[in-house]
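Coordinates in review
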2 protein chains.
Amino acid sequence: MTQDERVEERAVDEMPWAEVTPDAARRLLVAAVEAFAERGYHATTTRDIASRAGMSPAALYIHYKTKEELLLRISSIGHEKALMILRRAADGEGSAVDRLTEAVRSFVRWHAGHHTTARVVQYELDSLGEEHRPAIVELRRRSDAAVREIINDGVKAGEFDVPDVPGTTVAVLSLCIDVARWFNTEGRRTPDEVGALYADLVLRMVGAHTPRQAAQK
Amino acid sequence: MTQDERVEERAVDEMPWAEVTPDAARRLLVAAVEAFAERGYHATTTRDIASRAGMSPAALYIHYKTKEELLLRISSIGHEKALMILRRAADGEGSAVDRLTEAVRSFVRWHAGHHTTARVVQYELDSLGEEHRPAIVELRRRSDAAVREIINDGVKAGEFDVPDVPGTTVAVLSLCIDVARWFNTEGRRTPDEVGALYADLVLRMVGAHTPRQAAQK
């Protein structure tokens, strides 16, 4: 990752919905994430969301025609962010150990740092209508492919020993995603610390030859 | 595990709410699990649950005073089952490798085989009232302690190499729990197959010395 990319990534981390404009549309999205996380998608009304954002239902309607449009926007942005993180790691310089370390660290950091959003993105998938599902499934397929690619590269290069690449890929992503469920900002570990621990554990899962040295870089 | 215990465990697997009697109370609990999983706790009414069970709201009220009482019963039974599985593995005969293998296999099998219930148990924790939370938190603490105990035993016996026991314990449980999110009965792997793969991956996470031989026993 270049210095510019790091700065850009930090900016995205700090203002996760920066791509949503105008400001009113962004405030409504943030309110929707909070409401969905607290009460679930089906128990939330557009009126609840508008009220949380300090706006009228009519003002919400200018930006989003339906509650589902809000969920779709949250889900799309969340899945695109996940894919960007994993794709950047897969396309990075360095050995498979370096790239898998980077993938796990940044993916975990995102799920810990944005655990409320991540829960909505991961647990409300079934609330999306049939017509919107395929686009999201495609983003998930590409995220899975990015991790599988790094693992396959590591196996080919003799860095990893993985008897079941598809199963291990699912497990690595799953381990990172579940951070959103248990991570608590009042807990003892920071997102960076969980990321470093998990990178070490994942290098063990793929049988990397010098896991701890690589994870401590 | 003795033959009797295996038979008993299979029976519990096949009839997960066998401990709930009379029959009407059990039917209502099963209906509540389905409704909570589909629409979320807050979007479900006791009327929805009664109707799914083919009963009147008045009939529901004979067995459960509130919707929260249903959630508490589901959560308690689910957490007790999880603890029973992990405690039995921790208290079992054999090496730490054997016991950790058994813990992961049976914990994963439960989360895969009962993924709808497991999702409600895991994702609706925050919907329980403050007064009920401590009892559930205590069950979770004891589940965590069972896995930590096996890992500590393995470290002491020189079977495992684990620099961060509490963090690794959280990760092992987390990996297994997230099976409930992604496991799909139409997928390519059975609960037993996922359990075997995950036992192998977890033995790698704890740096067990002969992971594959042990997992294939």
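Structure: above.
Everything quoted here is computed from the prediction, not taken from an experiment.

The next thing to look at is the overall build of chain A. Of regular secondary structure, chain A possesses 12 helices and zero strands. Listing the helices and strands of chain A from first to last along the sequence gives α-α-α-α-α-α-α-α-α-α-α-α. When each of the 217 residues of chain A is scored for burial, the buried share is 53%. Considering only contacts within chain A whose residues lie at least 6 apart along the sequence, 68% involve residues at least 24 apart. Working note: accessible area of chain A is about 10000 Å², and carbon and sulfur atoms make up 51% of it.

This part covers the packing of aromatic side chains. Within this structure, the stated rule accounts for seven aromatic pairs over all chains. Seen from their ring centres, tryptophan 182 of chain B and phenylalanine 183 of chain B are 6.2 Å apart, and the 55 degrees between their planes marks the pair as tilted. Pairing tryptophan 182 of chain B with tyrosine 198 of chain B gives two aromatic rings, centres 6.5 Å apart and planes at 40 degrees, and the pair type is tilted. In this pair, tryptophan 182 of chain B is assigned in helix α10 (residues 179-182) and tyrosine 198 of chain B in helix α11 (residues 191-205), connecting sequence segments 16 residues apart. Accessibility expressed as a relative area gives 26% for tryptophan 182 of chain B, which makes it partly exposed. Over the ring of tyrosine 61 of chain A we find lysine 65 of chain A; its NZ or CZ atom is 4.4 Å from the centre of that ring.

What follows deals with the environment of leucine 175 of chain B. Mapped onto the fold, leucine 175 of chain B is located in helix α9 (residues 165-177). Here the alpha-carbon distance between leucine 175 of chain B and valine 104 of chain B, two residues 71 residues apart in the chain, equals 9.5 Å. Contacts of leucine 175 of chain B, omitting those with residues within four sequence positions, involve Ala171, Ser174 and Leu175 of chain A together with Tyr198, Val202 and Met205 of chain B.

Our focus in this paragraph is the interface of chain B and chain A. On the side of chain A, 33 residues touch chain B, which itself brings 33 residues to the contact. Of the roughly 2700 Å² buried between chain B and chain A on both sides combined, carbon and sulfur atoms contribute 53%. The largest share of the area that chain B buries against chain A comes from His42, Arg181 and Arg204 of chain B, three residues that together contribute 22% of it. Taken together, the connections running from chain B to chain A amount to six salt bridges. Here arginine 119 of chain A and aspartate 126 of chain B are joined by a salt bridge, their closest N and O atoms 4.0 Å apart. At the junction of chain B and chain A, the tally comes to 10 residue pairs in polar contact (both at pLDDT 80 or more). Contributions of two or more residues to the side of chain B that touches chain A are made by α2 (23-39), α7 (115-123), α9, α10 and α11 of chain B. Top element by residues in the side of chain B that touches chain A is α9 of chain B. It accounts for eight residues.

Another aspect to go through is helix α9 (residues 165-177) of chain A. Residues and elements named next belong to chain A. The terminal C-alpha atoms of α9, which comprises 13 residues, lie 18 Å apart, in line with the 18 Å expected from a rise of 1.5 Å per residue. Within α9, 11 of the 13 residues are buried, which leaves it mostly tucked inside the rest of the structure. Where α9 starts, the residue carrying a side-chain oxygen 2.8 Å from the main-chain nitrogen of glycine 167 turns out to be aspartate 164.

To continue, consider the relation of the copies chain B and chain A. Superposing chain B onto chain A requires a rotation of 180 degrees together with a translation of 0.0 Å along the rotation axis, leaving an RMSD of 0.0 Å. With respect to symmetry, the two chain copies, as superposed, fit the operation of a two-fold axis. Using C-alpha coordinates, one finds that chain B approaches the rotation axis most closely at alanine 43 of chain B, a distance of 2.1 Å. The share of interface residues of chain B whose copies in chain A are also at the interface is 100%, consistent with both copies meeting through the same surface.

A full pass over the atoms with the stated rule returns 32 salt bridges over all chains. One salt bridge in this structure joins aspartate 144 of chain A and arginine 148 of chain A, with 2.5 Å as the shortest N-O distance. A residue pair is termed a helical-turn pair when its members lie 3 or 4 positions apart in one helix, as aspartate 144 of chain A and arginine 148 of chain A do in helix α8 (residues 133-156) at four residues. When its relative accessible area of 30% is taken as the criterion, arginine 148 of chain A is described as partly exposed. When the shortest N-O distance is used, the salt bridge between arginine 109 of chain B and aspartate 192 of chain B registers 3.8 Å. Of this pair, arginine 109 of chain B sits in helix α6 (residues 96-113) while aspartate 192 of chain B sits in helix α11, placing them 83 residues apart in sequence. A residue is classified by how much of its surface remains accessible, and aspartate 192 of chain B, at 46% relative accessible area, is partly exposed. Sharing partners across several salt bridges, the network here consists of Asp23, Arg26 and Arg27 of chain A.

The peptide bond linking threonine 21 of chain A to proline 22 of chain A adopts the cis configuration, its omega dihedral lying at -5 degrees. You can see proline 22 of chain A is positioned in the loop between α1 (3-14) and α2 (23-39).

We now examine the nonpolar core. Formed by 82 residues in total, the largest nonpolar core has its most connected members in Val104, Phe160 and Tyr198 of chain A together with Val104, Phe160 and Tyr198 of chain B. Setting aside anything within four residues of it in sequence, one finds phenylalanine 160 of chain B in contact with Ala96, Val97, Leu100, Ile150, Ile151, Gly154, Val155, Val206, Gly207 and Ala208 of chain B. Among the nonpolar cores identified, the runner-up in size contains 29 residues, and Trp17, Ala32, Leu70 and Ile74 of chain B belong to it.

What counts, and where the lines are drawn
- Residues numbered from 1 in each chain as written.
- Chains lettered and ligands numbered in written order.
- Predicted model: local features only at pLDDT ≥ 70, side-chain atom pairs only at ≥ 80, totals over all residues.
- Heavy atoms only, no water.
- Helix = DSSP H or I, 4+ residues; strand = E, 2+ residues; numbered from the N terminus.
- Buried < 20%, exposed > 50% of the residue type's maximum accessible area, 1.4 Å probe, protein only.
- Contact = heavy atoms within 4.5 Å.
- Areas by Shrake-Rupley, 256 points an atom, 1.4 Å probe, with all protein chains shown as cover.
- Phe/Tyr/Trp six-rings, centres within 6.5 Å; stacked < 30°, edge-to-face > 60°.
- Lys NZ or Arg CZ within 6 Å of the ring centre and 35° of its normal.
- Buried area = accessible area lost by both parts, 1.4 Å probe.
- Salt bridge = Lys/Arg side-chain N within 4 Å of Asp/Glu carboxyl O.
- Polar contact = N/O pair within 3.5 Å; in protein donor to acceptor, adjacent residues only side chain to side chain.
- Expected span 1.5 Å × (residues − 1).
- Least-squares fit on C-alpha atoms with pLDDT ≥ 70 in both.
- Core = buried A, V, L, I, M, F, W, Y, C linked by side-chain atoms within 4.5 Å.

All quantities given are derived from atomic positions and should not be read as evidence of function.
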